Amino acid sequence: VYRNLGCVYKDLQEYRQALGYFRRCVEVKKANGCPVHWLDQWDIANASWHLAESSGQRFDMQTSLELMLKSIRLHRVVEREDCMARISMLRRASKCAAIAAKSALPLQLFGERQLCGKAEACLREAHGICLREFGAEEPLTLAVAEELATLLDQQGLRTRVKGIDD
């Protein structure tokens, strides 16, 4: 029930309320001896991200991104065959990392590069999954390749991206 309420509030863009319900869902599970699911962590990370982004809190953006990446690592282990969800999660995490990188202050060049590297790594993994599971001509594969090419263009690092430049 709490997760469902969190999803409703997230869809209404009331991220503080959503985050409260997602956290309450985890508390209830822990209090009753139920393991926390990767999706619970993803929900908290995603709602935290939206809240941090809307308030311009760069540190909170990075913390939320790390929670997203942790959820993806857990998903990779627990749901090995769930490629579509992982691709979606990787694309979302990449967008978040790119936004956080753009919000870096001029003196934080190292942090910006690290975030750009995370954005690129997420898209490269998503693109690799797409190539392996669906092939180079699949629209999803092409969309992820285009996102990767755009990210690399923005960084001035464009190299040949399989599936776009072939």
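Preceding block: the structure.
Residues numbered from 1 in each chain as written. Predicted model: local features only at pLDDT ≥ 70, side-chain atom pairs only at ≥ 80, totals over all residues. Heavy atoms only, no water.

Asker: I'm lost on the overall build of the chain in this one. Help?
Answerer: Helix and strand counts for the chain stand at seven helices and zero strands. Moving toward the C terminus, one meets the helices and strands of the chain in the order α-α-α-α-α-α-α. Look at the contacts in the chain between residues 6 or more apart in sequence, and 55% of them connect residues 24 or more apart. Just so you have it, the chain exposes about 9,400 Å², and 54% of that area is on carbon and sulfur atoms. (Helix = DSSP H or I, 4+ residues; strand = E, 2+ residues; numbered from the N terminus. Contact = heavy atoms within 4.5 Å. Areas by Shrake-Rupley, 256 points an atom, 1.4 Å probe, with all protein chains shown as cover.)

Asker: Can you walk me through the nonpolar core in this structure?
Answerer: Taken as a class, soluble globular proteins show a tendency for nonpolar side chains to be buried jointly. The biggest cluster of nonpolar side chains holds 33 residues, and the ones touching the most others in it are L65, M68, I72, I87, A93 and V144. Among the secondary structure elements, those contributing two or more residues to this core are α3 (38-55), α4 (58-78), α5 (83-102), α6 (109-134) and α7 (139-155). Sort the elements by how many residues they give to this core and α5 lands first, with 10 residues. When sequence neighbours within four positions are dropped, the list of residues in contact with V144 reads I87, R91, L123, A126, H127 and C130. In terms of nonpolar packing, the next biggest core, distinct from the first, is built from eight residues, Y15, L19, V26 and I44 among them. (Core = buried A, V, L, I, M, F, W, Y, C linked by side-chain atoms within 4.5 Å. Buried < 20%, exposed > 50% of the residue type's maximum accessible area, 1.4 Å probe, protein only.)

Asker: Help me understand helix α2 (residues 15-31), please; the structure alone is not making it clear to me.
Answerer: Quick reminder: α-helices carry 3.6 residues per turn. Residues three or four places apart thus point the same way. With 17 residues, α2 should reach 24 Å at 1.5 Å per residue; the first-to-last C-alpha distance of 24 Å fits that figure. Buried residues along α2 sit against α1 (2-11) and α3. Of the residues flanking the end of α2, it is G33, one or two places downstream, whose phi is positive at about 75°. (Expected span 1.5 Å × (residues − 1).)

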